[in-house]
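Single-letter residue listing:
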Amino acid sequence: MNINPTNQSLSVTNSSSSPAAKISSGKQINSAADGPATLQIIAQYNSHIRGNSAAYSNVISATSALQIAAGGLSNINDSLQQLRELGIQAANGVLNSSDRNAIQKQADELLAGIQSSLDSSQFNSRSLLNSDTAIAIQSGANQGQTETIPSFNLAADFSGVGLFDIDFSSGNISDTLASIDSALDVNDTASSAIGIAENGLERAAKNLISSTVSQASSRSQIEDTDFAAVVSELKQQQLKEQLELVMLSQANANRSQVLQLLK
C-alpha cells in the first residue's frame, strides 16, 4: 500500500493558504480567527476615521455658511460707507431741499439693499444675520468636539441704533452720522466674530485631516500585508511542502523495493 501524500501534506497545504490569503487581500487580518484583539483595534480605527470624515463634512458646511454671512456683511459695510458719504455731503449748508431729497432717495435705496442683504444671507434656508440662535457644529469624532457659528440679529441691532430712521432732508446731520457710525460698529463686531469662527473651523479641519492621516497610518501598520515577509513565508512553506512530498515519494519507493524483495 502506498502512503497517501495528499493526506500527509494536508497541514502544509493548509498553512500555506494563510500567506496566500494575505497576498490576495493585501491584509494581515482577514477574519476574526487571524487575531480577534487586532480585529477589534482595526474596527476602532475604522470607526474613528469614519467619524472624522463626517465631522469634516460638518466643518465644510459650516465654513460655507460663514462665507455666505461674511459676504452679506461685506455688502452691508459697502452700503454703510456709501451712506456715510451721503451724510457728509448732506452736511452742507448750501444744499436746497431738492438736493437733500435726492440724497434721501439714494439713502433709501441703500437701506433697502442692506435689508435685502440681511434677508438673503441664508444657508440651507436658515438665516445667518437675522437670527438669535447660534448653530452648534460637531467638529470631531468624539463627544465635546464642537464649534459654534455665532448668531446675529442685525435687523434689530440696526433698528436699535436708528439706522432705518436716518433723515438727510433736515439740516441737522449729526444724529444721522452717529446712527451710521453705530451701525458700522455693529457690522464690524459681527465681521470680527465671523472671522474668529472661520479661524476655529480652519483649525478643526486641519486637526481632522491630521488625525485621519495618523489613524489611517496606524491602522495600515497592523492591518496591511508586509508583502516581502509574507512572500518569504509562502516560499518557505512551499519549499517545505515540496520536500515533504519528495520524502513521501521516496518512502513509497523504498516500500515498493522491500515488497519486491519479499516476493
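Residues numbered from 1 in each chain as written. Predicted model: local features only at pLDDT ≥ 70, side-chain atom pairs only at ≥ 80, totals over all residues. Heavy atoms only, no water.

Undergrad: A description of the packing of aromatic side chains should follow, citing residues and the corresponding values.
TA: Pairs of aromatic rings are described using the distance from one ring centre to the other and the angle between the two planes. Tallied over the full model, the rule gives one aromatic pair. Aromatic pair Phe-158 and Phe-164: ring centres 6.4 Å apart, planes at 75 degrees, arrangement edge-to-face. By relative accessible area, Phe-158 is classed as buried at 0%. Judged by its relative accessible area of 26%, Phe-164 is partly exposed. (Phe/Tyr/Trp six-rings, centres within 6.5 Å; stacked < 30°, edge-to-face > 60°. Buried < 20%, exposed > 50% of the residue type's maximum accessible area, 1.4 Å probe, protein only.)

Undergrad: Summarise the nonpolar core; cite the residues concerned and give the values.
TA: Leu-83, Ile-114, Leu-154, Phe-158, Leu-163 and Phe-168 are the most contacted members of the largest nonpolar core, which has 43 residues in total. Elements with a minimum of two residues in this core: α3 (36-90), α4 (97-120), β3 (135-138), α5 (154-160) and α6 (174-223). With residues near it in sequence (within four places) discarded, Ile-114 still touches Ile-76, Ser-79, Leu-80, Leu-83, Phe-158, Leu-163 and Phe-164. (Core = buried A, V, L, I, M, F, W, Y, C linked by side-chain atoms within 4.5 Å. Helix = DSSP H or I, 4+ residues; strand = E, 2+ residues; numbered from the N terminus. Contact = heavy atoms within 4.5 Å.)

Undergrad: Tell me what's going on with a nonpolar patch on the surface, and back it up with residues and numbers.
TA: Where nonpolar side chains cluster on the molecular surface, the patch consists of Tyr-56, Ile-60, Ile-209 and Val-213 and spans about 340 Å² of accessible area. For the nonpolar patch, the elements supplying multiple residues, two or more each, are α3 and α6. Along the chain, Ile-60 falls in helix α3. Accessibility expressed as a relative area gives 39% for Ile-60, which makes it partly exposed. (Patch = residues over 30% accessible without salt bridge, like charges linked within 9 Å, V, L, I, M, F, W, Y side chains within 5 Å. Areas by Shrake-Rupley, 256 points an atom, 1.4 Å probe, with all protein chains shown as cover. Salt bridge = Lys/Arg side-chain N within 4 Å of Asp/Glu carboxyl O.)

Undergrad: Now, about the side chain of Ser-117: what can you tell me, with residues and values included?
TA: Take Ser-117: it is sitting in helix α4. Among all residues touching Ser-117, those that are not within four sequence positions of it are Gly-72, Asn-75, Ile-76 and Leu-129.

Undergrad: Give a detailed account of the environment of Ile-103, specifying residues and quantitative values.
TA: Checked against the element boundaries, Ile-103 lands in helix α4. In the structure, Ile-103 is positioned 65 residues away from Phe-168 in sequence and 6.7 Å away in space, judged by C-alpha atoms. Not counting residues within four places of it along the chain, the set of residues in contact with Ile-103 comprises Leu-86, Gln-89, Ala-90, Leu-95 and Phe-168.

Undergrad: Could you give me a rundown of the confidence of the model for the protein, with the residues and numbers involved?
TA: Taken residue by residue, the protein gives an average pLDDT of 81. The fraction at 70 or more is 70%. Predicted confidence in the protein is weakest over helix α1 (residues 5-8), with a mean pLDDT of 48, and strongest over α5, with 96. Contacts of residues 5-17 to residues separated by more than four positions or lying in other chains number 15 contacts, the stretch itself having pLDDT below 50. Note that residues 226-231 has pLDDT below 50 and, in this model, nine contacts with residues that lie over four places away or in other chains. (pLDDT = per-residue confidence, 0-100.)

Undergrad: Account for α4, naming residues and giving values.
TA: The end-to-end C-alpha distance of α4, which contains 24 residues, comes to 34 Å, matching closely the 34 Å that a straight helix rising 1.5 Å per residue would cover. Listed as buried for α4 are Arg-100, Ile-103, Gln-104, Ala-107, Leu-110, Leu-111, Ile-114, Ser-117 and Leu-118. (Expected span 1.5 Å × (residues − 1).)

Undergrad: Lay out the pattern of salt bridges with the relevant residues and their values.
TA: Taken as a whole and assessed by the stated rule, the structure comprises two salt bridges. A salt bridge links Arg-84 to Asp-181; the nearest nitrogen and oxygen atoms lie 2.6 Å apart. Of this pair, Arg-84 sits in helix α3 while Asp-181 sits in helix α6, and the two are 97 residues apart along the sequence. The partly exposed category is assigned to Arg-84, whose relative accessible area is 28%. Judged by its relative accessible area of 27%, Asp-181 falls in the partly exposed class. The partner of Glu-202 in a salt bridge is Lys-206, with the nearest N and O atoms 3.6 Å apart. With Glu-202 and Lys-206 both in helix α6 and four residues apart, this pair spans about one turn of that helix. Residue classification places Lys-206 among the exposed positions, given a relative accessible area of 53%.

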